[in-house]
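Chain by chain, the residues:
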Amino acid sequence: MSGAGKKVVDVAFKASKSIDWDGMAKMIVTDEARKEFSSLRRAFEEVNSTLQTKFSQEPEPIDWEYYRKGLGSRIVDSYKEYYESVEIPKFVDKTTPEYKPKFDALLVELKEAEQKSLKESERLEKEIADVQDLKRKLSTMTADEYFEKHPELKKKFDDEIRNDYWGY
């Protein structure tokens with residue numbers, strides 16, 4: 001296998017092992033996103049499989065003696081000489097250095113967005129718990145207990161009463 005082909009296969013193999021597909025799938029909320037995610041995963045696995053099979057196999061060696069018997073040694077030697085003189089250029093990766101900083105910056109943004117999302121999720125869960133607690137207690141709660149939890153509303157009502165504003 002050529003050096004570049006083997007490198008591509010190795011990188012793809014390592015990438016496939018480091019992706020936590022199940023962990024990402026658990027974070028997806030909508031059905032449309034689940035469909036898109038499964039299609040992305042399927043496409044990734046197809047490309048990875050193609051890389052594994054296509055680039056991991058060595059080409060079959062040519063049986064020059066077989067062709068010498070049928071065609072003659074002069075023409076086969078000529079083909080063999082031309083075949084061996086063909087040089088396949090080595091792959092020089094010019095795009096990775098260009099896009100690696102952009103990708104790393106996107107990863108940093110992703111981590112920041114993830115942290116913000118987790119904090120917001122935590123805040124919303126606390127708010128939901130507070131609303132559910134309030135909903136349970138609302139039937140037996142007094143106005144004083146409610147105003148203890150919401151002093152800004154007590155101040156607003158006190159100001160309205162003091163200013164003789166009754167809402168009409």
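Residues numbered from 1 in each chain as written. Predicted model: local features only at pLDDT ≥ 70, side-chain atom pairs only at ≥ 80, totals over all residues. Heavy atoms only, no water.

S.K.: Looking at this model, I keep getting lost on the overall build of the protein. Mind explaining?
M.R.: From N to C terminus, the protein includes eight helices and zero strands. Within the span of the protein, comprising 168 residues, buried residues form 9% of the whole. Sequence-distant contacts in the protein: of pairs separated by 6 or more residues, those separated by 24 or more amount to 44%. Counting only carbon and sulfur atoms, one obtains 58% of the accessible surface of the protein, whose full area is about 15300 Å². (Helix = DSSP H or I, 4+ residues; strand = E, 2+ residues; numbered from the N terminus. Buried < 20%, exposed > 50% of the residue type's maximum accessible area, 1.4 Å probe, protein only. Contact = heavy atoms within 4.5 Å. Areas by Shrake-Rupley, 256 points an atom, 1.4 Å probe, with all protein chains shown as cover.)

S.K.: I'm lost on the packing of aromatic side chains in this one. Help?
M.R.: Two aromatic rings are characterised by how far apart their centres lie and by the angle between their planes. Summed over all chains, the structure comprises six aromatic pairs. With 5.7 Å between their ring centres and 65 degrees between their planes, Phe-147 and Phe-157 make a pair best called edge-to-face. Here the residue Phe-147 occupies a position in helix 7 (residues 143-149), and Phe-157 occupies one in helix 8 (residues 151-162), the gap between them amounting to ten residues. Joined through ring pairs, the aromatic side chains of Trp-21, Phe-37 and Phe-44 make up one cluster. (Phe/Tyr/Trp six-rings, centres within 6.5 Å; stacked < 30°, edge-to-face > 60°.)

S.K.: Even after reading the chapter, I still don't get the packing of helix 4 (residues 64-71) against helix 5 (residues 73-85), so can you show me in this structure?
M.R.: Two packed helices can be described by the angle between their axes and the distance between those axes. Put simply, helix 4 and helix 5 touch, their axes get as near as 7 Å, and they point 145 degrees apart. Touching Trp-64, Tyr-67, Arg-68 and Leu-71 of helix 4 are Ser-73, Ile-75, Val-76, Asp-77, Tyr-79, Lys-80 and Tyr-83, all from helix 5. (Axes fitted to C-alpha atoms, helices over the stretch in contact; angles between N-to-C directions.)

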